[in-house]
Amino acid sequence: MSDIIKLLPANIANQIAAGEVIQRPASVVKELLENAIDAGAMAIDVNIKDAGKTLIQVVDNGNGMSPSDALFCFQRHATSKVSTAEDLFSLTTKGFRGEALASIAAIAHVEMKTRIASNDVGQAILIEGSEIKRKEDVVCPIGTSFEVKNLFYNVPARRNFLKRESTEFKHIQDEFDRIALAHPDLYLTLTHNGSEIYNLHPAVLRKRIVNIFGVNSNDRLVPIEESTEIVSLKGFILKPEHARKTRGAQFLFVNNRFFKSSFFNHAVTKAFDGLLKQGAFPGYFLYLSVDTQKIDVNVHPTKTEIKFEEEKFIYSILLSSIKQALGKYNIAPTLEFEQETSFDIPHTMRSKHTVEPTIHIDTGFNPFKTTSRPNSANSGTGKTKENITKGIEEQGFGSVDTSNSDWENFYTIEEESDNIKEGYPPINMDDTMENISTFIVKGSYIITPSKSGLMMIHVRRAIEQIVYSSIHRSFIIKPIDSQKLLFPLEREVSINEINLWNENSSILKQLGYHGEIKDNLLKVNSVPAVIQEESISNSLDEIFQGIGFKELEKGDIAHTLVLAIAKSAAMKKINMNTNESIQALINQLFQCENHTYSPRNKKIIETITLDEIQYKFK
Ligand code: ADP
Ligand code: MG
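Residues numbered from 1 in each chain as written. Chains lettered and ligands numbered in written order. Predicted model: local features only at pLDDT ≥ 70, side-chain atom pairs only at ≥ 80, totals over all residues. Heavy atoms only, no water.

1. Here we look at the sheet that holds strand β25 (residues 521-528)
The pairing of strands in a sheet comes from backbone hydrogen bonds and takes either a parallel or an antiparallel form. Spatially, the three strands line up as an open sheet ordered β23-β25-β24, and their pairing is antiparallel. The outermost strands of the open sheet, each flanked by one partner alone, are β23 (482-492) and β24 (514-518). Neighbour-to-neighbour, the strand axes of the sheet open up by a mean angle of 15°, direction not taken into account. In this structure, β24 lies alongside β25, joined through five bridges in antiparallel fashion. Across the sheet, residue Gly 515 finds its bridge partner in β25, namely Val 524. Docked against the sheet, helix α15 (residues 495-503) engages β23, β24 and β25, running at close to 140° with respect to β24. Of the strands in this sheet, β23 and β25 touch helix α17 (residues 533-548), which is tilted by about 60° from β23. (Pairing = 2+ DSSP bridges. Helix = DSSP H or I, 4+ residues; strand = E, 2+ residues; numbered from the N terminus. Axes fitted to C-alpha atoms, helices over the stretch in contact; angles between N-to-C directions. Contact = heavy atoms within 4.5 Å.)

2. Concerning helix α7 (residues 205-213)
All of the buried residues in α7 are Leu 205, Arg 208, Ile 209, Val 210 and Ile 212. On its buried face, α7 is in contact with α6 (165-182), β7 (187-192), β8 (195-200), β9 (221-227), β10 (231-238) and β13 (284-290). (Buried < 20%, exposed > 50% of the residue type's maximum accessible area, 1.4 Å probe, protein only.)

3. Regarding the pairing of β7
One ladder, built from six bridges, connects strand β1 (residues 43-49) with β7; its direction is parallel. Residue pairing for β7: Asn 47 is matched across the bridge by Thr 191. When β7 meets β8, the two strands line up antiparallel, connected through five bridges. The residue bridging His 192 from the neighbouring strand is Ser 195, located in β8. Taken together, β7 and the strand that follows it, β8, pair antiparallel across an intervening segment of two residues, in which Asn 193 is found at a positive phi of about 45°.

4. Notes on the sheet that holds β9
If you walk across this open sheet you meet the five strands as β9-β10-β13-β11-β12, and the pairing is mixed. Unpaired on one side and paired on the other, β9 and β12 (257-259) mark the two borders of the sheet. Neighbour-to-neighbour, the strand axes of this sheet turn through a mean angle of 20°, independent of strand direction. Across three bridges, strand β11 (residues 250-254) lies against β12 in antiparallel orientation. Each residue of the ladder has a partner; that of Phe 253, found in β12, is Phe 258. Along the sheet face, α6 touches β11, β12 and β13 and points at about 55° away from the line of β11. The strands that helix α8 (residues 262-271) touches are β11, β12 and β13; relative to β13, the one it contacts most, it runs at about 125°.

5. Digging into the confidence of the model for the protein chain
In this model, the protein chain carries a mean pLDDT of 81, and residues with pLDDT of at least 70 account for 81%. Predicted confidence is poor over residues 332-344, with pLDDT under 50, and the contacts of this stretch with residues over four places away or in other chains come to 23 contacts. In the model, residues 350-418 has pLDDT below 50 throughout and makes 141 contacts with residues more than four positions away in sequence or in other chains. (pLDDT = per-residue confidence, 0-100.)

6. Considering the site of ligand 1
Near ligand 1 there are 19 residues, and of these Asn 35, Thr 79, Ser 80, Lys 81 and Gly 98 occur at the shortest range. At 2.6 Å from an oxygen atom of ligand 1 is found a side-chain nitrogen or oxygen belonging to Thr 79. The separation between an oxygen atom of ligand 1 and a polar main-chain atom of Phe 96 is 2.9 Å. Burial of ligand 1 by the protein chains amounts to 93% of its free accessible area of 540 Å². Elements that contribute at least two residues to the shell around ligand 1 include exactly α2 (25-38) and α4 (100-106). Looking at the shell around ligand 1, its residues break down into eight nonpolar, seven polar and four charged. (Near = heavy atom within 4 Å. Polar contact = N/O pair within 3.5 Å; in protein donor to acceptor, adjacent residues only side chain to side chain. Areas by Shrake-Rupley, 256 points an atom, 1.4 Å probe, with all protein chains shown as cover. Nonpolar A, V, L, I, M, F, W, Y, C, P; charged D, E, K, R; others polar.)

7. Some points on unusual backbone geometry
In this model, His 77 sits at a positive phi of 65°, which is unusual for a non-glycine residue. Mapped onto the secondary structure, His 77 falls in the loop between α3 (67-72) and α4. Classification of His 77 by relative accessible area gives exposed; the value is 56%. Of note in the backbone geometry, Asn 601 takes a positive phi value of approximately 65° without being a glycine.

8. A word on the packing of aromatic side chains
The final tally for this structure, using the stated rule, is 14 aromatic pairs. Between Phe 251 and Phe 253, the aromatic rings sit 6.3 Å apart at their centres with planes inclined by 5°, giving stacked as the arrangement. Residue classification places Phe 251 among the buried residues on the basis of a relative accessible area of 5%. By relative accessible area, which is 0% here, Phe 253 ends up buried. (Phe/Tyr/Trp six-rings, centres within 6.5 Å; stacked < 30°, edge-to-face > 60°.)

Quick look at the structure:
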């Protein structure tokens, strides 16, 4: 058999490329708008006839093209935006593939007029089916205008598969909305069959959203703003009661480029958990800024799919900041608001001024000894007293009394059935505790009078909740405090664990874990300051177990990790040796958004009402 392979002629190759890039009239609108923005236009007019089947006209006041560029731009792989392979990873333009104009010109009749500022006349070019039919000098303003007519004239299959006019125009409007939302600083108009659909003046983002989605939108928007080293996030969410029955108000942008992501959509939806009516979708307009090196836009011809190097981290940031915003604006009608009225505030908190929260920590605790004395030594623990104190304080854990306390006087409970079962060490407390109104029973529960009876608090779970809330609240704003270990902790890790550690290293660092892996050995140099030496190894177990769990509800890594830290922090030796320290704990607990259930959904507070007490004496 003779040779049969040959190169496709340009017009056929372009037509094939067009099959991917130009699916419907809306794709043309998108590509032309993007080109106009890349050309630095400040004002763009879009004029459509018959949902784009008859005419798509896009006029911009951008830089225009030189006479030779005006001819060259219709060649496939002709672009001014990329010249080296490295450029692909520092893209700041919308386009880069050099395919759009070649594709459009292959399947439509295109007339382009363009002029650059340094020329008095511009060029007009008529191109049909990749063939230049006419080119001439014209008088035209600086910038570029495109008229695309008879779309798919030579691709009947595409033309016949176009949907009803209203549907096709809806697609056009969607593309227009995305551009308008990504660039509120641009003047943009959209006209369809002679009637003006949009006339958008440059505006701040909030106003632009309102202009597109209607006057009522303004008081429905809740602002979001967060900034971390890896990603900054700003934008708005729609209050849950205004969630829609469709996904029409879901917008994600990265570096001003609209993109779709079911993964990030999941994060947002999760933040709205329990707040939406059945069948409703949350509304959001979220703008991420990420280092261009850390995303790959070149995944799909239409560029609406983007790969993120740090997608798990970003997932967590999205989830946490939206949850916080919903909480801050008091939008979350959480269970505890209802319960608070029946729980009341403990008596001790009502009668006293708020005291600085104090938790007494046995800073001299030495995990290698079975009995220990306070301040006996820091040796062997790998961290200093100051370090722990500072760490705990900065984590919102209150001030720490490190004065010499008489260890021998503490009354240590030996058998704590519940605590032992859950693996917690016992709490040391002063034996005069039982004589005062707020006291600890069996080293595990605080009992305190409240208006309606008695309130019981599970101490370890309370601590877990306090640590969880404080870290979860603060880690997205700044890395949480970590403490350097004097002797790095070494741990053998499996291939799977190595991958997990590397995949999640950014978020682990943000949470205070710094380590390096050599061969199959993980060397942990720093850990969150709230974790005591003896619990570090346990915290690593928890972490690997947590993040190793396959589904992980799609990536809520932050929750899992903070949970692991909180659990390990709750393992600390605690001396509840003063009434104040108990009150401080109660205080901190009540400052948590959710103080009735621990982050693991275990009950923290239980009450016995006066009625119940009275009933027992019947
Ligand atoms: P890409 O946008 O990927 O570079 P296109 O086929 O969309 O590829 O455009 C090819 C080139 O034509 C662009 O790189 C740009 O230099 C030029 N161009 C296209 N549209 C415009 C415009 N509206 N104004 C100025 N230059 C344009
Ligand atoms: Mg382009």
